[in-house]
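Structural features, examined
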Amino acid sequence: MRAADGSYAANDDRLLHRSAASYSSQADRAVLAMGRYATSAAFTTENPDYQAQLSYLSMSDPMRYIQSWPRVHLWDQVYLGERYGANHAPGYTGNSRVRTWGYELWIKSKSGVWRRLFQRDDKSAEAWRPTFRGSANFESYALDLRKESDGSTSVRPMPVRGLDSSGTYWVPHGYTGGVIDIDPYDVAEVLVLCYSQLVLNDPNGVDDRQYARFLLGIGADWYPPKGVSVSYYPGIGTSRHKYVTVEPQLHVMHTMSEAVLRANPPPR
């Protein structure tokens, strides 16, 4: 998430149309929002990321006054980038997909003990516009999701139909593991991860994977107590978005500094 100097890790490319209708630092880099703070302390200066990500909330916003956020949900996103757009690199024919698997969600207690809440390969998904804002925010028909024979899942962003210039394609927004109960007062750190790889849409078609330029990021949200309604679920954080490649690679979002993570990583 962050370099040794404390700065956020930059995305491999700026996310296409992420900030077309509203500002979002996620367009450029990894983000921590509520981070490790699963309580109302997230919306105060006690949270070091408050000024950068959450200070826009008005003092009257009910979200500030929810005392705890006792549930958590892991997700991922597949974007297009500004440099290449929907055409990707020369040689791309539209025959590449983004396969993901190996999702894990870890919580470290304040006593320093890591606990893995789940490990699984499958996911569900929705199709959202890149800004995650506006009317017709998501559409189920715009999702190209395929279950692979090994239990993993692959997706492709689909072209837009009937949206304005703030969204010329649909973002596959995946979920896995369900909404899980945790103790919000015993959270020292949070870490989520998954693996990605490019696969062919048609195994008998042209292998254009070296020309594909899909971006993938992983993150998680805090959820309020059951029965409490909110306008949206505030993020713990989002990893940097990296190009998905022919070879498998790891994606990680965590709430720590690099030094803290290296000193006490999850016991995988």
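First, a word on scope: everything that follows refers to the structure included in this document. (Residues numbered from 1 in each chain as written. Predicted model: local features only at pLDDT ≥ 70, side-chain atom pairs only at ≥ 80, totals over all residues. Heavy atoms only, no water.)

A short note on the overall build of the protein chain
As a reminder, the rule being used: Helix and strand assignments come from DSSP, with helices taken as H or I runs of at least 4 residues and strands as E runs of at least 2, each series counted from the N terminus. Put simply, the radius of gyration uses C-alpha atoms, and a globule should come to 2.2 Å times the residue count raised to 0.38. Any pair of residues with heavy atoms lying within 4.5 Å of one another is described as a contacting pair. The protein chains shown are the only cover counted for residues, whose accessible areas, like all others here, come from Shrake-Rupley with a 1.4 Å probe. Charged-residue counts in this description rest on Lys and Arg as positive and Asp and Glu as negative, His and the chain ends being excluded. Charged side chains are reduced to one point each, which is NZ for Lys, CZ for Arg, CG for Asp and CD for Glu.
Scanning the protein chain from terminus to terminus reveals two helices and 13 strands. Taken against the 2.2 N^0.38 rule, which gives 18 Å for 268 residues, the C-alpha radius of gyration of the protein chain at 18 Å falls within 12% of a compact globule. Sequence-distant contacts in the protein chain: of pairs separated by 6 or more residues, those separated by 24 or more amount to 73%. A total of about 11,900 Å² of accessible surface is found on the protein chain, and carbon and sulfur atoms cover 50% of it. Charge centroids of the protein chain, computed over 29 positive and 28 negative side chains, lie 1 Å from each other.

Some thoughts on the packing of aromatic side chains
This is how the line gets drawn: Pairing of aromatic rings covers Phe, Tyr and the six-membered ring of Trp, with a centre-to-centre limit of 6.5 Å; geometry is then stacked below 30 degrees between planes, edge-to-face above 60, and tilted otherwise. In this scheme, a residue with accessible area under 20% of its type's maximum is buried, one over 50% is exposed, and one in between is partly exposed, where area comes from a 1.4 Å probe on protein chains only. The criterion is that NZ of a Lys, or CZ of an Arg, lies within 6 Å of the ring centre and within 35 degrees of the ring normal, and then a charge sits over that ring.
For the structure shown, the criterion picks out eight aromatic pairs. Ring centres 6.4 Å apart and planes at 50° place the aromatic pair F43 and W69 in the tilted group. Within this pair, whereas F43 is found in the loop between β1 (31-32) and α1 (50-53), its partner W69 is found in the loop between α1 and β2 (71-79), the two being separated by 26 residues in sequence. Across this residue pair, the class does not change: F43 and W69 are buried. Taking the centre distance of 6.4 Å and the plane angle of 80° together, the rings of W106 and W114 count as edge-to-face. Neither residue differs from the other here; W106 and W114 are each classed as buried. Over the aromatic face of Y84 sits the side chain of R213, whose NZ or CZ is 5.0 Å from the ring centroid.

Looking at the pairing of strand β4 (residues 114-120)
The following threshold applies: Following DSSP output, two strands are said to pair if at least two bridges run between them.
Examined bridge by bridge, strand β3 (residues 96-108) and β4 share six bridges and lie antiparallel to one another. In the sheet register, W106 faces β4, and the bridge partner there is R116.

Observations concerning the nonpolar core
The condition is simple: Buried Ala, Val, Leu, Ile, Met, Phe, Trp, Tyr and Cys residues form a nonpolar core when they are joined through side-chain atoms within 4.5 Å.
Formed by 56 residues in total, the largest nonpolar core has its most connected members in V72, L105 and W222. Excluding residues that lie within four positions of it along the chain, L105 makes contacts with V72, L74, R115, R116, L117, F118, I180, V190, L191 and V192. Among the nonpolar cores identified, the runner-up in size contains six residues, and W106, W114, L193 and M256 belong to it.

A look at the environment of Y232
Within the secondary structure, Y232 sits in the loop between β10 (215-223) and β11 (235-238). You can call Y232 partly exposed: its relative accessible area is 33%. Sequence separation of Y232 and M63 is 169 residues, and the distance between their C-alpha atoms is 9.4 Å. Residues contacting Y232, with those up to four places away along its chain left out, are Y56, L57 and M63.

Topic: the environment of L143
Looking at the element boundaries, L143 is found in the loop between β5 (124-128) and β6 (144-147). When the C-alpha atoms of L143 and P48 are compared, they prove to be 36 Å apart, with 95 residues separating the residues in sequence. Every residue in contact with L143, bar those within four places of it in the chain, is listed here: A125, E126, A127, M158 and P172.

Concerning the environment of A30
Within the element layout of this structure, A30 appears in the segment before β1. Not counting the four nearest positions on each side in its chain, A30 is found in contact with M1, Y8, A9, N11, T238, S239 and R240.

Digging into the side chain of D144
Cut-off, in case you're wondering: Between N or O atoms, a polar contact is any pair within 3.5 Å; within protein, one atom must be a potential hydrogen donor and the other a potential acceptor, and residues adjacent in sequence are included only when both atoms are from side chains.
In this structure, D144 sits in strand β6. Side chain to side chain, D144 and R97 meet in a polar contact 3.2 Å long. Among the polar contacts listed, one links the side chain of D144 to the side chain of R156, at a separation of 3.0 Å. Not counting the four nearest positions on each side in its chain, D144 is found in contact with R97, S154, V155, R156 and M158.

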